[in-house]
Amino acid sequence: VPFEYNVIAKKWETIRLEDIRIDRNEVTVVNCMFRLKQIPDETVMANNPRDAILNLIKRINPDLFMHGVVNGTYNAPAFVTRFKQALFHFHAFFDIYEATVPREDEQRMLFERAVFGRDIMNVVACEGQERVERPETYKQWQARYARIGFKQLPLDRELLKKVKTMSKVMGYHRDFRIEDDGQWMLQGWKGRIVIALTALKPA
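This report concerns the structure included in the present document. Please read all numbers here as calculations on a predicted model, not as lab measurements.

### Topic: the packing of helix H2 (residues 79–100) against helix H3 (residues 106–125)
Axes are the key here: two packed helices are described by the angle between their axes and the distance separating the axes.
Link 1 in the chain: Between H2 and H3, the least distance of the axes is 10 Å, while the angle of their chain directions is 170°. By the angle between their axes, H2 is roughly antiparallel relative to H3. Contacts from Phe-79, Arg-82, Phe-83, Ala-86, Phe-90, Phe-93, Phe-94, Tyr-97 and Glu-98 in H2 reach Arg-108, Phe-111, Glu-112, Phe-116, Asp-119, Ile-120, Val-123 and Val-124 in H3.
Link 2 in the chain: Partitioned by chemical class, the residues of the contact of H2 with H3 number 12 nonpolar, no polar and 5 charged.

Next up, the structure:
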């Protein structure tokens, strides 16, 4: 398979369409999994970087835009509210590990320290632009898509059914759930939605 890689070393919100080499004769797919939660939003900057990135993706005019979001509610400016919501959110992830991975597992300890620990420290100890962990719920993203001019593509019900079946066949823990809401595929633990996935196109 012929492959070409174009490195762009810029902040996401400063990338211009001209920086991306797009061959309009090829299928274009934008795949963004769980990264936009670290882009500042309108609560931090007047020129909203999240909207700037979505506008860039719209200008790319992809055949498909795959977006995965961390379904978090710990982006509140008030510390106590943010702390409570972060506690609920990260409790779900630690509970997943507790139920599925031995405590002495080195990979688990590394991930808890390097990923969850770093994220928790940022949410709890940082304010203003220093706080980079700013997730939104999938419903908030849905409103953002509509405002920018994206339409969600229908969720493939047959694929969703296969994924649900596979999670049972593969022996996933009984508290892990795959559900749907409109055009979203949701992944959750004990009733808390932690990840949401959708496919979109410019309207």
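### Overview of the pairing of strand E2 (residues 64–70)
Look at any regular strand and the pattern is simple: side chains alternate between the two faces of the sheet.
Link 1 in the chain: With respect to burial, E2 is a largely interior element, 5 of its 7 residues being buried.
Link 2 in the chain: For strand E1 (residues 29–33) and E2, the ladder comprises 5 bridges, and the chain directions are parallel. Directly across from Met-33, in E2, lies its bridge partner Gly-68.

### With respect to the packing of aromatic side chains
Link 1 in the chain: Applying the stated rule across the entire model yields 14 aromatic pairs.
Link 2 in the chain: Grouped by ring-pair contacts, the aromatic residues Tyr-74, Phe-90, Phe-93, Phe-94, Tyr-97, Phe-111 and Phe-116 constitute a single cluster.
Link 3 in the chain: Of note, Arg-144 hangs over the ring of Trp-141, and the distance from its end group to the ring centre comes to 5.5 Å.

### A word on the pairing of strand E6 (residues 192–202)
Link 1 in the chain: In terms of residue burial, E6 counts as a mostly covered element, since 8 of its 11 residues are buried.
Link 2 in the chain: Judged from the 6 bridges that link them, E2 and E6 form a sheet pairing that is antiparallel. Bridging across to E6, Val-70 finds its partner in Ile-195.
Link 3 in the chain: Both strand E3 (residues 150–152) and E6 contribute to a ladder of 3 bridges, which runs antiparallel.

### With respect to the pattern of salt bridges
Link 1 in the chain: Overall, the coordinates contain 21 salt bridges when judged by the stated rule.
Link 2 in the chain: Where Glu-42 meets Arg-144, a salt bridge forms, and the shortest distance between an N and an O atom there is 3.1 Å. With Glu-42 in the loop between E1 and helix H1 (49–60) and Arg-144 in helix H4 (residues 138–148), this residue pair connects regions lying 102 residues apart in the sequence.
Link 3 in the chain: For Glu-42, a relative accessible area of 40% gives the class partly exposed.
Link 4 in the chain: In this structure, a network of salt bridges that share partners links the residues Glu-42, Arg-50, Asp-51, Glu-136, Arg-144 and Arg-147.

### A closer look at unusual backbone geometry
Negative phi characterises most residues that are not glycine, and trans characterises most peptide bonds.
Link 1 in the chain: Unlike most non-glycine residues, Phe-34 shows phi in positive territory, near 65°.
Link 2 in the chain: Structurally, Phe-34 can be placed in the loop between E1 and H1.
Link 3 in the chain: Despite not being glycine, Asn-61 shows a phi value in the positive range, around 55°.

### A look at H2
Link 1 in the chain: For H2, which comprises 22 residues, the first-to-last C-alpha distance of 31 Å matches the rise-based estimate of 32 Å (1.5 Å per residue) to within 8%.
Link 2 in the chain: Listing the buried residues of H2 in full gives Arg-82, Ala-86, His-89, Phe-90, Ala-92, Phe-93, Asp-95, Ile-96 and Tyr-97.
Link 3 in the chain: Those residues of H2 that are buried are in contact with E2, H3, strand E5 (184–189) and E6.

### What about the side chain of Arg-144?
Link 1 in the chain: Overall, Arg-144 belongs to the buried group, its relative accessible area being 2%.
Link 2 in the chain: Polar contacts involving the side chain of Arg-144 include one to the side chain of Glu-42, which spans 3.1 Å.
Link 3 in the chain: Polar contacts involving the side chain of Arg-144 include one to the side chain of Asp-51, which spans 2.9 Å.
Link 4 in the chain: The residues touching Arg-144, leaving out its near neighbours within four places in the chain, are Asp-41, Glu-42, Asn-48, Arg-50, Asp-51, Leu-54 and Glu-136.

### Quick notes on the side chain of Arg-50
Link 1 in the chain: With respect to the helices and strands, Arg-50 occurs in helix H1.
Link 2 in the chain: Looking at Arg-50, the relative accessible area reads 1%, which means it is buried.
Link 3 in the chain: At 3.4 Å, the side chain of Arg-50 and the backbone oxygen of Leu-36 are in polar contact.

Rules used throughout
Residues numbered from 1 in each chain as written. Predicted model: local features only at pLDDT ≥ 70, side-chain atom pairs only at ≥ 80, totals over all residues. Heavy atoms only, no water. Axes fitted to C-alpha atoms, helices over the stretch in contact; angles between N-to-C directions. Helix = DSSP H or I, 4+ residues; strand = E, 2+ residues; numbered from the N terminus. Parallel < 35°, antiparallel > 145°, perpendicular 65-115°, else oblique. Contact = heavy atoms within 4.5 Å. Nonpolar A, V, L, I, M, F, W, Y, C, P; charged D, E, K, R; others polar. Buried < 20%, exposed > 50% of the residue type's maximum accessible area, 1.4 Å probe, protein only. Pairing = 2+ DSSP bridges. Phe/Tyr/Trp six-rings, centres within 6.5 Å; stacked < 30°, edge-to-face > 60°. Lys NZ or Arg CZ within 6 Å of the ring centre and 35° of its normal. Salt bridge = Lys/Arg side-chain N within 4 Å of Asp/Glu carboxyl O. Expected span 1.5 Å × (residues − 1). Polar contact = N/O pair within 3.5 Å; in protein donor to acceptor, adjacent residues only side chain to side chain.

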